[in-house]
Amino acid sequence: MEVKTSLLDNMIGVGDMVLLEPLNEDSFIVNLRNRFDHNEIYTYIGSVVISMNPYRSLPIYTPQKVEEYRNRNFYELSPHIYALADEAYRSLRDQDKDQCILITGESGAGKTEASKLVMSYVAAVCGKGQEVNKVKEQLLQSNPVLEAFGNAKTMRNDNSSRFGKYMDIEFDFKGDPLGGVISNYLLEKSRVCKQPRGERNFHIFYQLLSGASDDTLMKLKLDRDFSKYNYLSLDSANVNGLDDAASFRTVRNAMQIVGFMEAEVQSVLELVAAVLKLGNIEFKPESRVNGFDESRVKDKNDLKEMCELLGIEQSVLERAFSYRTVEAKMEKMSTTLNVAQAYYARDALAKNLYSRLFSWLVTRINESIKAQAKTRHKVMGVLDIYGFEIFEDNSFEQFIINYCNEKLQQIFIELTLREEQEEYIREDIEWTNIEYFNNAIICDLIENNQNGILAMLDEECLRPGTVTDDTFLDKLNTICAEHQHFESRLNKNSKFLTDHSLPHSCFRIQHYAGKVLYRVEGFVDKNNDLLYRDLSQAMYKATHSLMRQLFPEGNPAKVNLKRPPTAGFQFKASVGVLMKNLQTKNPNYIRCIKPNDKKVAHIFTDSLVCHQVRYLGLVENVRVRRAGYAFRQPYESCLERYKMLCKKTWPHWRGPARDGVEVLLTDCSVPTEEFAYGRSKIFIRNPRTLFTLEERRRACLEDLATLIQKIYRGWKSRTHFLLLKKSQVVVAAWYRRYAQQNKYQKIKSATLVMQSFVRGWKARNILRQLKYEKRCKEAVTTIAAYWHGTQARMELRRLKTEARNKRAVSVIWAYWQGTKARRELRRLKEEARRKHAVAIIWAYWLGLQVRREYRKFFRANAGKKIYDFTIQRIMQKYFLGLKTTTMSPMDNTWPAKPYGFLEGAHTQLRRIFHLWRCKKYRGQFTEEKKAVYEEKLEASEIFKDKKALYPSSVSQPFKGDYLEIQKNPKYQKLNSAMEEKVLLADLVNKINRANGKGSPRLFLLTKSNFVLADQKTGQVKASVPLPDLASVSVSTQSDGFFALKLKEGSASASKGDFLLSSEHLIEIITKLHRIGTTAADRDQINIDISDEFLVQFKQDKVCVKFIQGGPKNGNSAACKRKNNRLLEVSVPSP
Ligand SMILES: Nc1ncnc2c1ncn2[C@@H]1O[C@H](COP(=O)(O)OP(=O)(O)OP(=O)(O)O)[C@@H](O)[C@H]1O
Ligand SMILES: [Mg+2]
């Protein structure tokens, strides 16, 4: 629940001066002081906010405070600038009224701070979003940029705005900021060249020199030391509490946020540097022949650097400081400038350059913050303009500033006092007239087009002839003499003749805020604000684009002989525009007051405050508010707002609004003196009455809210209940379905179980029955089978007997038939023989008959001759047929016998021919070949049909020396060891008794011995004389194993027999046998061919057994040791 607060709660003094009792200047000041001492720096006069400068930061601008004041009634909380800002913003957003916030007060009173507070508050409470935030940020960041270039330290304020600023912030229909427009008024440019004692030039100069990097300074040809620059006052270059370097960074950052390009920032800094350089250019006189002095630049270094910075031709600028071209009526004249004029020209250039740069910055910022949307904007204007100034020495600037303040005061008077009174009259409300001072008369003294001071100044400036500040003062003295607010020593008004406080060269104006003495010196010059055309043309010639832009009048193509409008004229015009603009808006006032001159906290100087209160007309302001009515509102809106307070007007009032308000106020028992009925508005005297109404309204609203809440809650609960009910029905339905489903499933499964039991029981019964039946059937079948078996066997027996009988019959029959057939055959043969004999006899007889018949025709021996011839022919043909046979003994072909009678001869002839051709064949043989064949024959005799290996050896010729022992150098040594001719040399395997494996050996055979040698080295392992060899054993199979058995008791027998294997077994054995056969001194070597034989190894005999079809190990036989006494050789099957 929101806590109800009011302006009246915990009030220190009075928060609203309207409630001050008694009301006079003293009590006013006391109230201000009282509040100031308690850190209450804001006080209201109705809707006007008085702001005292605390000169220290107070914790009253926090985000929490912003939230506190947001959307709250103006009088609801203690006075604050946020309340005013909120009121203005809401009025703008909700009621579509353009607003302006007018901040006035003297220098250092806190105007600029106040304007920033208003802006930051609005920024905090208005809409948010990426785009909106960017706009806000740009609007807020325009302040540091303008302050750097337009603010300076003065005696009154360390951050004094030296220009007037009016900023229009534009909002869309939602109240979100869209952009803004800044207008600037009259920059105090004289400060560029000269500053009063204790004051500084514009901040930017110091910020640049302190904050820029060495690199930047080098580029700008600047030195960090302030003392090097004539335009910078030395005595207060460093200000306490001001960090110029940090500010420079802030400014650069702000420029970037606002949207300045890096190149633009650089250009701006270059111009700032140029101004500093310009100040350092000094002149010296140079005498001319005509006796006049002409100025010359003293040290050209700064000039050169400046020209380099801006891209100006040095000679052009140098000339512009020495000569001046005057154009009049198509005539051009060049006059020389003396040193003073050159300095004047230099300063004028610096001032112009700086002020134009400042205006360009404002234009550039405006470009960035310009609202993009073309829709209608709501506008909130914030005016932060220099306050009323009274110095010891007041010049043209103060005159202009004070004129502006006069205008503002006038608008204040117009809009608050006069408007107020006029409205009372309009509304026909009784009004006690309050006298107030209307400063329109002072404004008129200054701005009147005929005889106003500004008009006369312009007239003097434009007038031909000698014009000086004195002639201007004379003119004022004549024309304004009668004016009651104008005072001058030379005035015709004698009363000032003796006034010594009024020097001769001055005039005094009685401003609404006090009398100000203006020194007339410099008025004409400052108003003219002349810059020699030569200088502006020199500037235009610069290659620096921003520079050219700032001096458009320097363009020779656009020479305008017309004088530019004077400074006074321009200012008056812009103030006029500003006033018109302000008048279209709803004003909100912030009156700033500075509590002391020392710029320190906690000091409240009564006299100073009193002076400000007086010239701001604050007490007068309170009086007006108190005399009238604090609050007024059209009947319609009043009724609309409070109609809920009365039953008759709630919810609708059908009659006229005024009657409704009357009924309402009567019903609410508001005392009659508290309000008055105007023509269209109700006027409420006291704010408290209004608060009461507001309070009651709020209470009523709460009741209404409670009612709405009640109905809404009822509706919501009902809806909720219905929803619950509906849901419950659905849930119940689903649950029931689910439960029934479960139940059904259970019953179903129980039924299924029972069913299955019953079916099982039934099935078992049937099964039992069927099994019984099956057993019965099986028994019957078995019995039947036995019976049928018996029957069948009996039948079989019978049939067998029958068959035996039948066979016996058929055998007997067959025998009998055979006998019959043989008898018949014999008979037939007999008959055939007889018939054949008959035929032969018949043939012989016929032959005999024929011979007998034909004998007489042949000679007695012709028959024999024919016979012989025939035989001869037959034989001849037969022998010629044998010619086809070849001479090869291998050829087995022989022609078939042609005639039966040659059978014996044919066979004999074949045998004789074969023997003959073999003999022929043998006849061709050489002795060696013969020996070979003899060997082969011997092999055949030994092995043919005895050993399976033999047939494969027939086609292989016996080579004898397989190792080529004679030729092979490897065996040279071995060969030389042999005493006789080597008949056979071959590689054999010597079978090892231990494992049956073979190791290669060279086997050499000579006529008298055989030798076994190492295969690799050729070393003789064993040499056995052949007489020691008893027998050789081989198997019947196709292996190459052979055992060389030695005679028992011989010299070689001690080594034991040799079991060897060779691929040339047949040849080896044959050769051995042959040597034995041919040697006369030796016995025949026995060749034992059997599949099992004994071999005498060193100690014991081992049986070597050959088996066929053993495991195939390639094609060769494998020997394996079976046990100590048995070596088994498995020979692959052929
Ligand atoms: N509300 C405030 N809280 C704290 N300090 C303040 C406040 N208002 C002003 N000041 C202090 O007073 C100084 C002067 O304020 P400001 O610059 O706003 O004066 P001004 O009225 O704009 O003066 P000028 O007319 O010279 O520009 C500020 O620099 C700041 O130190
Ligand atoms: Mg200021």
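Here is a short report on the structure shown in this document. In this text the structure is predicted, and so the values were computed from the model without any measurement. (Residues numbered from 1 in each chain as written. Chains lettered and ligands numbered in written order. Predicted model: local features only at pLDDT ≥ 70, side-chain atom pairs only at ≥ 80, totals over all residues. Heavy atoms only, no water.)

### Quick word on the pattern of salt bridges
Piece 1. Taken as a whole and assessed by the stated rule, the structure comprises 64 salt bridges.
Piece 2. A salt bridge links glutamate 262 to arginine 252; the shortest N-O distance between them is 2.4 Å. Of this pair, glutamate 262 sits in helix H9 (residues 262-280) while arginine 252 is found in helix H8 (residues 244-258), placing the two residues ten residues apart along the sequence.
Piece 3. Residue classification places arginine 252 among the partly exposed residues on the basis of a relative accessible area of 24%.
Piece 4. Of the charged contacts, one joins aspartate 393 and arginine 519 as a salt bridge, the two residues approaching to 3.1 Å between their closest N and O atoms. Placement of the pair is aspartate 393 in the loop between strand E12 (378-384) and helix H13 (396-426) and arginine 519 in strand E15 (residues 514-519), with a sequence separation of 126 residues.
Piece 5. Assessed through its relative accessible area of 47%, aspartate 393 is described here as partly exposed.
Piece 6. When its relative accessible area of 33% is taken as the criterion, arginine 519 is described as partly exposed.
Piece 7. One network of salt bridges, in which partners are shared, links Arg162, Glu188, Arg191 and Glu199. (Salt bridge = Lys/Arg side-chain N within 4 Å of Asp/Glu carboxyl O. Helix = DSSP H or I, 4+ residues; strand = E, 2+ residues; numbered from the N terminus. Buried < 20%, exposed > 50% of the residue type's maximum accessible area, 1.4 Å probe, protein only.)

### Notes on the nonpolar core
Piece 1. Of all hydrophobic cores here, the largest spans 187 residues; its most connected members are Phe28, Phe149 and Phe507.
Piece 2. The element that contributes the greatest number of residues to this core is helix H12 (residues 339-369), accounting for 15 residues.
Piece 3. Look past the residues within four positions of phenylalanine 28 in its chain and what remains in contact with it is Met17, Leu20, Ile45, Ile50, Val613, Leu618, Val619 and Val622. (Core = buried A, V, L, I, M, F, W, Y, C linked by side-chain atoms within 4.5 Å. Contact = heavy atoms within 4.5 Å.)

### Things to note about empty space enclosed by the protein
Piece 1. The final tally for this structure, using the stated rule, is five cavities of 30 Å³ or more.
Piece 2. Those elements giving two or more residues to the lining of the largest cavity turn out to be helix H4 (111-125), helix H5 (130-150) and strand E6 (164-171).
Piece 3. In terms of residue class, the lining of the largest cavity is built from nine nonpolar, no polar and one charged. (1 Å grid on protein atoms, 1.4 Å probe; cavity = no way out; pocket = protein on both sides within 12 Å on 5 of 7 lines; lining within 4 Å. Points joined across faces, edges and corners; volume = space filled by probe spheres on them. Nonpolar A, V, L, I, M, F, W, Y, C, P; charged D, E, K, R; others polar.)

### Digging into the layout of surface pockets
Piece 1. In this structure, the second largest pocket occupies an estimated 1800 Å³ of space.
Piece 2. Glu87, Lys97, Asn586, Phe631 and Arg632 are the residues nearest the centre of the second largest pocket, which is lined by 44 residues in total.
Piece 3. Of all the secondary structure elements, the ones that give two or more residues to the lining of the second largest pocket are helix H3 (81-95), H13, strand E16 (586-593), helix H22 (618-627), strand E17 (631-634), helix H23 (635-642) and helix H25 (687-854).
Piece 4. For the lining of the second largest pocket, the element with the highest residue contribution is H13, accounting for seven residues.
Piece 5. Looking at the lining of the second largest pocket residue by residue, the classes come out as 15 nonpolar, twelve polar and 17 charged.

### Description of the sheet that holds strand E1 (residues 42-45)
Piece 1. An order of E1-E2-E16-E3-E12-E6-E7 is seen for the seven strands of this open sheet, with the pairing classed as mixed. Looking along the sheet, the strands with just one partner apiece sit at the ends: E1 and strand E7 (177-185). Neighbour to neighbour, the strand axes of the sheet diverge by 20° on average, direction disregarded. (Pairing = 2+ DSSP bridges. Axes fitted to C-alpha atoms, helices over the stretch in contact; angles between N-to-C directions.)

### Quick look at the packing of helix H1 (residues 25-37) against helix H21 (residues 606-616)
Piece 1. Closest axis-to-axis distance for the H1/H21 pair is 10 Å, and the angle between their directions is 120°. Between H1 and H21 lies a crossing of right-handed hand. In contact with Glu25, Phe28, Ile29, Leu32 and Arg33 of H1, H21 contributes Asp606, Val609, Cys610, Val613 and Arg614.
Piece 2. Of the residues in the contact of H1 with H21, the class split is six nonpolar, no polar and four charged. (Left-handed = near helix turned anticlockwise from the far one by under 90°.)

### Section: the side chain of asparagine 151
Piece 1. Mapped onto the secondary structure, asparagine 151 falls in strand E4 (residues 151-152).
Piece 2. If sequence neighbours within four positions are ignored, asparagine 151 has contacts with Leu146, Asn159, Ser160, Ser161, Arg162, Phe163, Phe202 and His203.

### Describing the coordination of the magnesium ion (ligand 2)
Piece 1. Of the protein atoms, only Thr112 (OG1) and Ser161 (OG) coordinate the magnesium ion (ligand 2), at distances of 1.9 to 2.0 Å. Remark: serine 161 occurs in strand E5 (residues 160-161) and threonine 112 occurs in helix H4; sequence separation between them is 49 residues.
Piece 2. You can call threonine 112 buried: its relative accessible area is 13%.
Piece 3. Among the residues examined, serine 161 registers a relative accessible area of 13% and is labelled buried. (Donors = N, O, S within 2.8 Å, 3.2 Å for Na, K, Ca; no water.)

### A short note on the site of ligand 1
Piece 1. Lining the immediate environment of ligand 1, one finds 17 residues, of which Ser107, Lys111, Thr112, Ser160 and Ser161 sit closest.
Piece 2. At a separation of 2.7 Å, an oxygen atom of ligand 1 approaches a polar side-chain atom of asparagine 53.
Piece 3. Expressed as a share of its isolated accessible area of 620 Å², the protein-covered part of ligand 1 is 87%.
Piece 4. Elements with a minimum of two residues in the shell around ligand 1: H4 and E5.
Piece 5. The greatest single-element share of the shell around ligand 1, amounting to three residues, is contributed by H4.
Piece 6. Its residues placed into classes, the shell around ligand 1 shows four nonpolar, nine polar and four charged. (Near = heavy atom within 4 Å. Polar contact = N/O pair within 3.5 Å; in protein donor to acceptor, adjacent residues only side chain to side chain. Areas by Shrake-Rupley, 256 points an atom, 1.4 Å probe, with all protein chains shown as cover.)

### A few points about a nonpolar patch on the surface
Piece 1. Together, Val850, Tyr854, Phe857, Phe858 and Ile866 make up an exposed nonpolar region whose accessible area comes to about 530 Å².
Piece 2. Examined against the element boundaries, tyrosine 854 turns out to sit in helix H25. (Patch = residues over 30% accessible without salt bridge, like charges linked within 9 Å, V, L, I, M, F, W, Y side chains within 5 Å.)

### Some points on the sheet that holds E17
Piece 1. One open sheet accounts for three strands, arranged E17-E19-E18; its pairing is antiparallel. Either end of the sheet is taken by a strand with one partner, and the two such strands are E17 and strand E18 (675-677). In this sheet, adjacent strand axes meet at a mean angle of 20° when their direction is disregarded.
Piece 2. Taken together, the three bridges between E18 and strand E19 (residues 681-684) define a ladder with antiparallel strand orientation. If you follow alanine 676 over to E19, its bridge partner there is phenylalanine 683.
Piece 3. Along the sheet, helix H24 (residues 657-667) makes contact with E18 and E19, crossing E18 at roughly 155°.

Taken by themselves, the reported measurements are silent on function.
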